[in-house]
Amino acid sequence: MPTRAAAILPLFIADDDVEFTAIRAQGAGGQNVNKVSSAIHLRFDIRASSLPDEVKQRLLALNDQRISKEGVVVIKAQAHRSQEKNKAEALQRLQEMLALAASAPVLRKATRPTRSSQRRRLQSKTQRGEIKSMRGKVRE
């Protein structure tokens, strides 16, 4: 059975797979925000990428709002004032997403609860029920 650490593959992203677009950042910042396009939109088409097919399938199956219905990852980075730092941050976020998809999920081995754990569970349920039954009205 593969472990999580052994399943992580070194993923390489080709430069032509990633598309960067410089846009103006949102929010407060004064004249710098109004003049300079320092925010970055990173676009990564999963289906057209050079990733292994199993990683593509796991990426497309992720429930992530950054992945569009067409299978394009869109990451917006605007935390820094410089375009280079925002570009590096966007690439870092993409690498984290790919590392998450590259690790194969660990298969759960089905087990049954032990008799003593079942007994303890039923005992605690009975005890809790007795506590709740004491909350009723007092009858003489």
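Let us look at the structure shown here. (Residues numbered from 1 in each chain as written. Predicted model: local features only at pLDDT ≥ 70, side-chain atom pairs only at ≥ 80, totals over all residues. Heavy atoms only, no water.)

### Describing the side chain of Asp17
Phase 1 of the analysis: By the element assignment, Asp17 lies in the loop between helix 1 (4–7) and strand 1 (18–23).
Phase 2 of the analysis: Despite its burial, Asp17 pairs with no opposite charge, the nearest such side chain being Lys56 at 8.1 Å.
Phase 3 of the analysis: Only 3.2 Å separates the side chain of Asp17 from the side chain of Ser50, close enough to count as a polar contact. (Helix = DSSP H or I, 4+ residues; strand = E, 2+ residues; numbered from the N terminus. Buried < 20%, exposed > 50% of the residue type's maximum accessible area, 1.4 Å probe, protein only. Lys, Arg positive; Asp, Glu negative; His and termini not counted. Salt bridge = Lys/Arg side-chain N within 4 Å of Asp/Glu carboxyl O. Polar contact = N/O pair within 3.5 Å; in protein donor to acceptor, adjacent residues only side chain to side chain.)

### Digging into the environment of Ser68
Phase 1 of the analysis: Note that Ser68 resides in the loop between helix 3 (53–61) and strand 3 (72–77).
Phase 2 of the analysis: Of the residues examined, Ser68 reaches a relative accessible area of 27% and is grouped as partly exposed.
Phase 3 of the analysis: The sequence separation of Ser68 and Asp17 amounts to 51 residues, and the corresponding C-alpha distance is 16 Å.

### Quick look at the pattern of salt bridges
Phase 1 of the analysis: Under the criterion given, the structure shown has two salt bridges.
Phase 2 of the analysis: A salt bridge links Arg66 to Asp64; the nearest nitrogen and oxygen atoms lie 2.8 Å apart.
Phase 3 of the analysis: The exposure class of Arg66 is partly exposed, given its relative accessible area of 28%.
Phase 4 of the analysis: With its nearest N and O atoms 2.7 Å apart, the salt bridge here joins Arg93 to Glu89.

### Observations regarding the packing of aromatic side chains
Phase 1 of the analysis: Overall, the coordinates contain zero aromatic pairs when judged by the stated rule.
Phase 2 of the analysis: The aromatic ring of Phe20 is capped on one face by Lys87, whose charged end is 4.7 Å from the ring centroid. (Phe/Tyr/Trp six-rings, centres within 6.5 Å; stacked < 30°, edge-to-face > 60°. Lys NZ or Arg CZ within 6 Å of the ring centre and 35° of its normal.)

### Details of the nonpolar core
Phase 1 of the analysis: In this structure, Leu42, Phe44, Leu51, Leu59, Val73, Leu94 and Leu98 are the most contacted members of the largest nonpolar core, which totals 19 residues.
Phase 2 of the analysis: For this core, the secondary structure elements donating two or more residues are strand 2 (39–45), helix 3, strand 3 and helix 4 (83–102).
Phase 3 of the analysis: By residue number, the principal contributor to this core is helix 4, which donates six residues.
Phase 4 of the analysis: In this structure Leu42 touches Val18, Glu19, Phe20, Val73, Val74, Ile75, Ala90, Leu91 and Leu94, once residues within four positions along its chain are discounted. (Core = buried A, V, L, I, M, F, W, Y, C linked by side-chain atoms within 4.5 Å. Contact = heavy atoms within 4.5 Å.)

### Structural notes on helix 4
In an α-helix, one turn spans 3.6 residues, which is why side chains three or four residues apart end up on the same side.
Phase 1 of the analysis: For helix 4, with 20 residues, the first-to-last C-alpha span of 28 Å sits near the 28 Å given by 1.5 Å per residue.
Phase 2 of the analysis: Every buried residue belonging to helix 4 is among Asn86, Ala90, Leu94, Met97, Leu98, Ala101 and Ala102, and all of these are buried. Buried residues along helix 4 cover an arc of 155° about the axis, so they all sit on one side. Among the exposed residues of helix 4, those oriented more than 90 degrees off its buried face are Glu84, Lys85 and Leu100. (Expected span 1.5 Å × (residues − 1). Arc of directions from axis to C-beta.)

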